[in-house]
Amino acid sequence: MSYDPAAVRAKYLRERDKRLVPGRTDILDLRHDERFARYRADPFTPYRRRDPVSDEVDVVIVGAGIAGLLAGAELRKAGLRRIRLVDAAGGVGGTWYWNRYPGVMCDVESYMYLPMLEELGYVPRHRYAFGEEILRHLEEIAARFDLVSDSLFHTEVTRARWDDTSARWRVETDRGDRISCRWYVLAVGILNLLKLPAIPGMDEFAGHSFHSARWDYAYTGGGPGEPLDRLADKTVALIGTGASGIQCLPPVAESARHVYVFQRTPSAVGERGNRPTDPDFARRLAPGWQKERMDNFQAIMLGRPVDADLVDDGWTRHYAAVHHPPRKEGMSLAEYMRAAEELDFSIMEEHRRRVEQLVSDSSKAEILKPYYRYLCKRPCFHDEYLLAFNRPNVTLVDCPSGVERITARGPVVAGRQYEVDLIVYCTGFEPELTPLYRRAGHDIVGRGGVSLATKWADGAATLFGMMTRGFPNMFVMPAPGQQAVVTVNYTQLAVLGAEFIGRAVRLMEDNGVEVFDVSPEAEEAWTAKVVDSFVDSSAVMSACTPSRINNEGHPELLNPRNGNYGRGFGDWFAYRERLEAWLRDGSFDGLEVSARTPAP
Ligand code: NDP
């Protein structure tokens, strides 16, 4: 394979510059702009009137997705009786409640992604499970641990305030509820805020439109896994070609009269290799298998040696390889960087060749080829997406600087009007580095009336990425941007966080602790460790095509305080060991605790 590093770099920069345009990151304010509030509405569960609730529970957990359900399950195991999950959705499931677009599936292996498989004695039906199965499994977890009866759905917390006198959190919601609780857990998710680009004229469109995370089956007909029978005479615009757009194109193309796919940046689409679960595989699984599989994947993603690659997919073969290129003995840093660049180029070339092999029209194929380094965007994996472009009813519209405007008739690109009946915005979510207090969507007020937004205005400050001084008895599920670690398989981090919270609460209950707060020294030390291990990768990342991974072209603005425990993505194994050691020690090191009853 011929490889001219200077030419490749120049091509990548040209492609980047086409996309680094003013207004690229402008998005609508869906919470406050009434004209667009309908995009957030729930099409899946009817909204029911109910009387406000006014009572006391043991714990309020904000969010009923994977993180909230796991926290609830672990707190149930820890002995808490009244557990109340509060969620804007009409039921449990979080991202899997909302994302029901046709073709939705998990993009890491389901045997690792679906939590508590061993506890529930379940093995997913496919290597990469479809959304319906994941949602059903999460509903099973909720039922198993009785997490629904006390919960409040279609409800958003508007304010939570710590009251020192009663040593309780006071939680208010948009349905007029007033709840007090001893423990407060934020499990709001990492990609929970819909993102709609601010394209001029959007509200003038005369047809129908929705976001992929609010799929309107009443309009399209069908359901997940079924033909969209009301699209047969409809022309559809799909805007966005990230993980969601890629998954929903094939089923939409099968049903619609015509589909225009508006692509701003091509994704790198690797082989998916999905297949039904082999019954022998399921039979052979030995106790402890799920944790072992998660650890094996995690070790590979961190470049650690393993005996076997149990998952063996594009994440472990490509992502891990590029993330941790082998460094041969005696290599200088410059040689290592060059070898890493060449490895990256060869993997991206493999993706570009794949486009050529699968897409018969060479001019379409050229537009679909990704020209940037592999880690610049979260990679995608799919077996039918590229093939959909061979259909006569699918047109690819190249728009590196985005859709220009939307008129009553549909999108406009390069001055050309595309007339459509339906626009589906597959435009994703606000990035995971969006500060926690924004993702939480409500005022969180701690000791002395200080809000979390004020406290974290210059960046996060925590112990373990899960507790923060001035906010007693509050736990935050670990997430990117919060001084914990980052994992490609988010479930693994959620499992760890939930187990920690459950065990920490049990420890406090056993020791008669009524209130905990983080000591200033412990918070400073943890934050300093995070800041010290921050690696400034802006020199490499600024050459990337803009994406949420490089802060939309401005990696230099990333705040080291919002980094991880350990370099880069953080050191998962060291982080877990640190939490384990703290629980084993049992002395509440780093916390200020006050006893329920005066010590004898
Ligand atoms: P993404 O942010 O990945 O993609 C959004 C798409 O919209 C991009 O192609 C973006 O272009 C495009 N876009 C944004 N604004 C405009 C505009 N003005 N004009 C034209 N195009 C525009 O969102 P997704 O919902 O696809 O995925 C988000 C994340 O959710 C994934 O990265 C993944 O982490 C997660 N996910 C996980 C799944 C799973 O199975 N676990 C499944 C689906 C999603 P550009 O690339 O230029 O920004």
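Everything below is about the structure printed above this text.
Sequence order as written defines the numbering, with residues in each chain counted from 1. A pLDDT threshold of at least 70 governs which residues receive local features in this predicted model, and a stricter bar of 80 or more applies before side-chain atom pairs are shown or counted, although totals over entire chains, interfaces and linings include all residues. Computation of side-chain values: all heavy atoms of the structure, hydrogens and water removed.

Peer 1: Explain unusual backbone geometry here, please?
Peer 2: Of note, M116 is a non-glycine position whose phi angle comes to about 55°, a positive value. Under the scheme used here, helices are H or I runs from DSSP no shorter than 4 residues and strands are E runs no shorter than 2 residues, and both carry numbers assigned from the N terminus. With respect to the helices and strands, M116 occurs in the loop between α4 (110-113) and α5 (117-120). Judged by its relative accessible area of 9%, M116 falls in the buried class. One non-glycine residue with positive phi stands out, namely F588, at about 60°. Relative to the elements of secondary structure, F588 occurs in the loop between α20 (572-585) and β19 (591-595). The classification of residues rests on relative accessible area computed with a 1.4 Å probe and restricted to protein chains. Under 20% of the type maximum is buried, over 50% is exposed, and intermediate values are partly exposed. Judged by its relative accessible area of 8%, F588 is buried.

Peer 1: Even after reading the chapter, I still don't get the sheet that holds strand β6 (residues 208-211), so can you show me in this structure?
Peer 2: Pairing between the strands of a sheet comes from backbone hydrogen bonds, and it takes one of two forms, parallel or antiparallel. Pairing between strands requires that DSSP locate at least two bridges from one strand to the other. As summarised here, the arrangement of the five strands in space is β6-β15-β7-β8-β11, forming an open sheet in which the pairing is parallel. Edge positions in the open sheet fall to β6 and β11 (394-398), since each of these has one partner strand only. Averaged over all pairs of adjacent strands, the angle between strand axes in this sheet comes to 20°, irrespective of strand direction. Each axis is a line fitted through C-alpha atoms, taken for helices only over the stretch in contact, and angles between the N-to-C directions span 0 to 180 degrees.

Peer 1: Can you help me understand the side chain of H382 in this one?
Peer 2: You can see H382 is positioned in the loop between β10 (380-381) and α14 (385-388). Here H382 falls in the buried class, since its relative accessible area comes to 5%. At 3.1 Å, the side chain of H382 and the backbone nitrogen of E384 are in polar contact. Among the polar contacts made by the side chain of H382, one reaches the main-chain amide nitrogen of Y385 at a distance of 3.2 Å. Once residues within four sequence positions are removed from consideration, H382 is found in contact with I246, Q247, P250, V269, G270, E271, R272 and R354. Pairing of N or O atoms within 3.5 Å defines a polar contact, subject to two protein rules: one partner must be a possible hydrogen donor and the other a possible acceptor, and residues neighboring in sequence count only if both atoms are side-chain atoms. Contacts are assigned to residue pairs that have any heavy atoms within 4.5 Å of one another.

Peer 1: Quick question: what am I supposed to make of the sheet that holds strand β12 (residues 405-406) here?
Peer 2: Taken in spatial order, the three strands make up an open sheet running β12-β13-β14, and their pairing is antiparallel. Strands at the two margins of the open sheet, each flanked by one partner only, are β12 and β14 (416-417). Two strands pair when backbone bridges link them, and β12 and strand β13 (residues 411-413) are joined in this way by two bridges, in the antiparallel orientation. When the sheet's bridge partners are listed, R405 is paired in β13 with V412.

Interpretation note: all reported values are geometric properties and have no functional meaning in isolation.
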